[in-house]
Amino acid sequence: MSIFKNFVGPRVPANSPESVRMQYRLPTLLFSAAAVVLLVSIFLPYWQMTLHAPQYPGGLEVVVYVNELTGDVAEIDGLNHYIGMRPLGEAAQLERSASILAIGVLCLLILAAVFVHTKWVVLFTLPAVLMPFLFLADMYLWMRHFGLNLDPTAPLSSAIKPFVPPILGEGVVGQFKTVAEFRVGLYLAFLTAVLILIGLYTHRRAFKPLVEKESNQ
Amino acid sequence: MQLKNKFDQTAFWRVVLLLLVVVVLVISCQREDTPGDAPAANAPAEEGQAVALGADADAIIAARGLTPDDVAAALKTFTPTGKHDEYIMFASGGHSGQVYVIGLPSMRILKTIAVFTPEPWQGWGYGAVDTMEVLNEGDINGHDVLWGDTHHPALSETGGDYDGQYLFINDKANARLAVIDLRDFETKQIVKNPIAISDHGGSMVTPDTDWIIEGGQYAAPLGWEYSSLENYAEDYRGMVTFWKFDRENGRLLPDQSFAMEMPPYWQDLCDAGKLVSDGWVFCNSFNTEMATGGVEDGNPPFESGASQRDMDYMHIINLDKAAEVAAAGNTMDVNGFPVISLETAVAENLLYFAPEPKSPHGVDVTPGGEYMVVSGKLDPHVTVYSFQKIQDTIAAGNFETDDYGVPVLDFDSVIEAQVELGLGPLHTQFDNKGYAYTSLFLDSAVARWSLGGPYADLNDDPDWSLVSKTSVHYNVGHISAAEGDTVSPDGNYLVSLNKWAIDRFANVGPLLPQNFQLLDIAGTGTNMPLLYDMPLPDGEPHYAQIIKADKLSPWEVYPEVGWNPHTQSKDPNAVMPGEERIERDGNTVEIWMTAVRSHFTPEHVEIKQGDHVIWHITNVERAYDATHGFSIPVYNINLSIEPGEATTFEFDATDDGVFSFYCTEFCSALHLEMTGYMLIEPKQ
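Every value quoted in this text rests on a predicted model; they were computed, and no experiment measured them.

Criteria and thresholds
Residues numbered from 1 in each chain as written. Chains lettered and ligands numbered in written order. Predicted model: local features only at pLDDT ≥ 70, side-chain atom pairs only at ≥ 80, totals over all residues. Heavy atoms only, no water. Helix = DSSP H or I, 4+ residues; strand = E, 2+ residues; numbered from the N terminus. Buried < 20%, exposed > 50% of the residue type's maximum accessible area, 1.4 Å probe, protein only. Contact = heavy atoms within 4.5 Å. Areas by Shrake-Rupley, 256 points an atom, 1.4 Å probe, with all protein chains shown as cover. Lys, Arg positive; Asp, Glu negative; His and termini not counted. Charge placed at Lys NZ, Arg CZ, Asp CG, Glu CD. Pairing = 2+ DSSP bridges. Axes fitted to C-alpha atoms, helices over the stretch in contact; angles between N-to-C directions. Domains from an automatic or database assignment. Buried area = accessible area lost by both parts, 1.4 Å probe. Salt bridge = Lys/Arg side-chain N within 4 Å of Asp/Glu carboxyl O. Polar contact = N/O pair within 3.5 Å; in protein donor to acceptor, adjacent residues only side chain to side chain. Nonpolar A, V, L, I, M, F, W, Y, C, P; charged D, E, K, R; others polar. Phe/Tyr/Trp six-rings, centres within 6.5 Å; stacked < 30°, edge-to-face > 60°. Patch = residues over 30% accessible without salt bridge, like charges linked within 9 Å, V, L, I, M, F, W, Y side chains within 5 Å. Core = buried A, V, L, I, M, F, W, Y, C linked by side-chain atoms within 4.5 Å. Disulfide = S-S within 2.5 Å.

Q: Can you tell me about the overall build of chain A, naming the residues and giving the values?
A: Helix and strand content of chain A: six helices and five strands. Reading chain A from its N end, one meets helices and strands in the order α-α-β-β-β-α-α-α-β-β-α. Taken along its principal axes, the extent of the C-alpha atoms in chain A is 75 × 30 × 20 Å. Across the 217 residues of chain A, 48% fall into the buried class. In chain A, the proportion of contacts linking residues at least 24 apart, taken out of those at least 6 apart, comes to 68%. For chain A, the accessible area works out to roughly 10900 Å², and carbon and sulfur atoms hold 69% of it. Charge-centre separation for chain A: the mean point of 15 positive side chains lies 18 Å from the mean point of 14 negative side chains.

Q: An account of the environment of B:Arg251 is needed here, citing residue identities and associated values.
A: Residues and elements named next belong to chain B. On the secondary structure map, Arg251 appears in strand E11 (residues 251-262). Along the backbone, Arg251 and Ala178 are 73 residues apart, and their C-alpha atoms lie at a distance of 9.3 Å. Those residues in contact with Arg251 that lie beyond four places of it in its chain are Lys188, Gln189, Lys244, Phe245, Asp246 and His566.

Q: Break down the sheet that holds strand E19 (residues 371-375) of chain B for me, citing the residues and quoting the values.
A: Residues and elements named next belong to chain B. Spatially, the four strands line up as an open sheet ordered E18-E19-E20-E23, and their pairing is antiparallel. Only two strands of the sheet have a single neighbouring strand rather than two, namely strand E18 (363-365) and strand E23 (415-420). Mean inter-strand twist for the sheet, computed between neighbouring axes without regard to direction, equals 20 degrees. The sheet contact formed by E18 and E19 spans three bridges and is antiparallel. Counted as the bridge partner of Val365 is Met372 from E19. Most of the contacts of helix H9 (residues 387-396) go to strand E20 (residues 381-386), to which it runs at about 60 degrees, and overall it touches E19, E20 and E23.

Q: Tell me what's going on with the sheet that holds strand E3 (residues 108-113) of chain B, and back it up with residues and numbers.
A: All names here are of chain B. The strand order across the open sheet built from four strands is E3-E2-E1-E32, with neighbouring strands paired in antiparallel fashion. The sheet is open, and its two edges are formed by E3 and strand E32 (544-548), each paired on a single side. The mean inter-strand angle of the sheet, taken between neighbouring strand axes irrespective of direction, is 25 degrees. Pairing geometry for strand E2 (residues 99-104) and E3, over five bridges, is antiparallel. Bridge pairing in E3 places Val99 opposite Ile113.

Q: So what about the domain arrangement of chain B? Which residues, and what values?
A: Residue and element names in this part refer to chain B. Annotation of chain B at the domain level lists domain 1 (87-551) and domain 2 (563-681). With centres defined by C-alpha atoms, the gap from domain 1 to domain 2 works out at 42 Å. On the side of domain 2, 16 residues touch domain 1, which itself brings 17 residues to the contact. Here domain 1 and domain 2 share an interface that buries about 1300 Å² over both sides, 41% of which is from carbon and sulfur atoms. Of all residues in domain 1, Tyr126, Val129 and Asp130 bury the most surface against domain 2, accounting for 35% of the area lost on that side. If you look at where domain 1 meets domain 2, you find zero salt bridges. In this structure, the connection of domain 1 to domain 2 is made through six residue pairs in polar contact (both at pLDDT 80 or more). Among the elements that make up the side of domain 1 that touches domain 2, the one with the highest residue count is helix H4 (residues 129-137) (four residues). Tallied by class, residues from the side of domain 1 that touches domain 2 come to six nonpolar, three polar and eight charged.

Q: I'd like a description of the packing of aromatic side chains, backed by residues and values.
A: Residues and elements named next belong to chain B. Scanning all chains against the criterion turns up 40 aromatic pairs over all chains. An angle of 40 degrees between the planes, with centres 5.8 Å apart, marks the rings of Phe90 and Phe185 as tilted. Residue Phe90 is located in strand E1 (residues 87-92), and its partner Phe185 is located in the loop between strand E6 (176-181) and strand E7 (186-192); the two are separated by 95 residues in the primary sequence. Taken together, a centroid distance of 5.6 Å and an interplanar angle of 45 degrees make the contact between Trp243 and Phe337 tilted.

Q: Account for a negative patch on the surface, with residues named and values stated.
A: A grouping of B:Asp208, B:Asp210, B:Asp278, B:Asp320 and B:Glu324 is seen on the molecular surface, where their side chains present a negatively charged patch. With respect to the helices and strands, B:Asp208 occurs in the loop between strand E8 (201-205) and strand E9 (211-215).

Q: I'd like to hear about the environment of B:Glu348, residue by residue, with values.
A: Residue and element names in this part refer to chain B. When you line up the elements, Glu348 lands in the loop between helix H8 (342-347) and strand E17 (351-356). For Glu348, a relative accessible area of 31% puts it in the partly exposed group. For the pair Glu348 and Asn318, spaced 30 residues apart in sequence, the C-alpha separation works out to 9.8 Å. Residues contacting Glu348, with those up to four places away along its chain left out, are Lys321, Val325 and Asn330.

Q: Tell me about the side chain of B:Ser386, and name the residues and values.
A: Residues and elements named next belong to chain B. Topologically, Ser386 is positioned in strand E20. At 3.2 Å, the side chain of Ser386 and the backbone nitrogen of Gln388 are in polar contact. For Ser386, the contacting residues outside a window of four places in its chain are Glu370, Tyr371, Val414 and Glu416.

Q: Requested: an account of a nonpolar patch on the surface, with residues and values cited.
A: All names here are of chain A. Residues Val122, Leu126, Leu130, Phe133 and Leu134 make up a contiguous nonpolar surface patch of roughly 440 Å² in combined accessible area. Among the structural elements, Leu134 can be located in helix H5 (residues 121-148). Judged by its relative accessible area of 55%, Leu134 is exposed.

Q: Just give me the short version of the nonpolar core, but keep the residues and values in it.
A: The tendency in soluble globular proteins is for nonpolar side chains to be buried as a group. Membership of the largest hydrophobic core comes to 60 residues, with the highest contact counts inside it found for A:Leu38, A:Tyr46 and A:Trp47. Those elements that place two or more of their residues in this core are helix H2 (18-41), strand E1 (47-53), strand E2 (56-64), helix H3 (73-83), helix H4 (93-113), H5, strand E5 (176-182) and helix H6 (184-216) of chain A. If one sorts the elements of this core by residue count, H5(A) sits on top with 10 residues. Judged by nonpolar contacts, the second largest core, of 36 residues, contains B:Tyr236, B:Cys283, B:Phe286 and B:Ala326.

Q: Describe the pattern of salt bridges, listing the residues and the values that go with them.
A: Where charged atoms from two side chains of opposite charge approach closely, those side chains can pair. In total, this model carries 22 salt bridges over all chains according to the counting rule given. Residue B:Glu261 pairs with B:Arg237 through a salt bridge whose shortest N-O separation is 2.9 Å. With B:Glu261 in strand E11 and B:Arg237 in the loop between helix H5 (232-235) and strand E10 (238-246), this pair connects stretches of sequence that are 24 residues apart. B:Glu261 sits in the buried class, given a relative accessible area of 12%. For B:Arg237, a relative accessible area of 14% translates into the label buried. Among the charged side chains, a salt-bridge network with shared partners connects A:Glu75, B:Arg597 and B:Glu621.

Q: Give me the lowdown on unusual backbone geometry, citing residues and values where you can.
A: All names here are of chain B. With omega at 0 degrees, the peptide bond leading from Gly202 into Ser203 counts as cis. The peptide bond linking His473 to Tyr474 adopts the cis configuration, its omega dihedral lying at -5 degrees. Mapped onto the secondary structure, Tyr474 falls in the loop between strand E27 (465-471) and strand E28 (476-481). The phi angle at Asn398 is positive, at roughly 60 degrees, despite the residue not being glycine. Mapping Asn398 onto the fold places it in the loop between H9 and strand E21 (400-401). Classification of Asn398 by relative accessible area gives exposed; the value is 78%. Phi at Asn475 is positive, roughly 60 degrees, even though this residue is not glycine. Along the chain, the position of Asn475 falls in the loop between E27 and E28. With a relative accessible area of 16%, Asn475 lands in the buried category.

Q: Account for the state of the cysteines, with residues named and values stated.
A: Residue and element names in this part refer to chain B. Following the criterion strictly, the structure yields one disulfide over all chains and no others. Two residues share a disulfide in this structure: Cys270 and Cys283, whose sulfurs sit 2.2 Å from each other. Measuring the twist about the S-S bond at about 100 degrees, one finds the Cys270-Cys283 disulfide to be right-handed. You can see Cys270 sitting in strand E12 (residues 266-272) and its partner Cys283 sitting in strand E13 (residues 280-286), a full 13 residues away along the chain. The same class applies to Cys270 as to Cys283, namely buried. For Cys663, which is in no disulfide, the shortest distance to another cysteine sulfur is to Cys667 and amounts to 4.1 Å.

Laid out in structure tokens, this is it:
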């Protein structure tokens, strides 16, 4: 019991005046907001690549959500077979299938962090802070893996050498100009990280004196 | 204090939870709309910034010897690269048997729609079962009739206005009618008129496309029977057929259609009443002389024999009542088709005649349905009949009758006006400024004239008077104004469908193209300039209709992979990638194939001489314009398989050997590699 108590840390003194209660509520509000924002982001696109070529006046786009790819995936796959790239749907299958559950867990961890008043709070919130960076790193590795491992027997294998399209900004593949951009979902994930970091700051400012006071007793 | 605090905290979490749920719900509901912004259309260059004709333009104008009118015409018609036309014209293809789709004002031809004649580009009639079925619907007594003389296209209407859903077209030579679905611009049905060998007065639609009108022309014994010309008056008959249309399924319904027997005058062109005259149909006629020709025997030839009388008869048909009579079964059976006899038509008051001068061509109903305009052809006037006066005269009763007992209304009681326009008036269209436009065949001109009655205040010209003429080149037949036969004409453009071109284009030998000329009718008074000449070197178009382009919403690709354009639904033999296969059942080999850039699957098809081959191909593409062709040499197989389309063809493998099949529609950089081998092993 005392280990648990040491872990979650002291409770907010019941008799503290209304004027100081706000500083205890602030991290709660920020963490809650972070969880909500992250949860919302799963319904929104994280990343998008648009391919421009003369014969596609409207462009082709692939839109990446945490759990799926949408847009002109079939057409892009059709084109990619000429250069020997595997179908996009074969990439990050595990990540996409686990993403909703994983983000749900991240949100629950953030909410759980509300009840932890010691420095262990970092353990609960850090995964969500890292989440957008992990997303980008994972996607980059998949793109690199797909781009560098082209089927050498593909029709255009001699014309299109293995390549890694930029994860942000413009690139060129054959007659296509690629434009990669972050979408609102990813920005929300970054916002989650920022909210958590501010939340951690306010958290330590509010609870560190309580923790120290308790350990001094 | 403690209690209150606890309450506060619970409430706080409830609010947070509620907000969370609401936010998630709102976002998830909107999700469908979020991916990708629609690509911006070509941004217009500097709106509102007028382009002055600079020194470069002046130099070009001088070098090409252009007049100011030429420059104005060029500016009105030039359609910059990548821009679309404002109007789409559907022109009959005459004896090409097809329909042409032309953009206005650029006058660029956009498409041929194969109808009665096989056409290789669209794979129309070269093996694809659905196309063969439609063409075979046009077989007559077992004869493959693989051409037509398409005359009068009719766009489907809702409330008397074009709705952009269907197009109907008749074949004068063989009395057939076709239905084109404007979702994919393909012909879906051909019906052969069961009682007439040839027609002319089709196709016209009633204001809600309930009925498609097919009038006859050259009288003959109904039901394709024989009778000597000596018995012309007794045995020969004219007719008007009313085809019931099922808009939902896009098909004419022969078992709910009927015809009316007419005297053996040559019913020529019809028009449906609209608004105030809705439910009535009007047809002009000629050869009320009942001339039977025979110039070789010393008789007057048709051209003079049929032109003796000063008056022929405008036919006035009470369609609503006729439909009731037909539905009640008060018909005779001709070749299995219900026909209201002339006797019944007279007894039931379904048919009246009004005299019309002289061997006229065409009757056209004004936008509000108040007047019927009949063009004299051999008389320099258009004669305008008042629907109200026709009704009043019918109500007054006490008619004379013709030889067949049909009531003939008194000419003076039913006409509203006669306007002298010039020589050879043929066809009339309307605008939104109170003008009518009539082609003048002999004058080679289009006349603008002013209407009266409710149209009088729409322009400053005196009622019922000739306003101006613009010369056209040469021998104009029909004219077509933008939505110019609907309840709300646009008054923008008019196309003159000229029969002769003579010197208008470079000489290409003794057979000359037709000349479509574009006129600007947006002005008033005498302002009606000629803008453009367009050669049409494929058959002799007759009539055309012009619809605002934004009323059409055709598919870019078929709605889903495996679509059968004939049934407009998913084909049971559609295959997706991975499902391709070849199955043998006795001597029948059935192939399920996919086509995608740039290969067919399977690429090897091995069959044996004597096999019957059933071959299904699905184009699994979803990209706009990713059409694949498919051809097999010797066996006369050529298909067009548009994105998403599933098609089937069958043949007997009579000839052994190695046949390379390939994609005939250049589809990709590896199009030449989109091929395969059909190996037919010789019989042992």
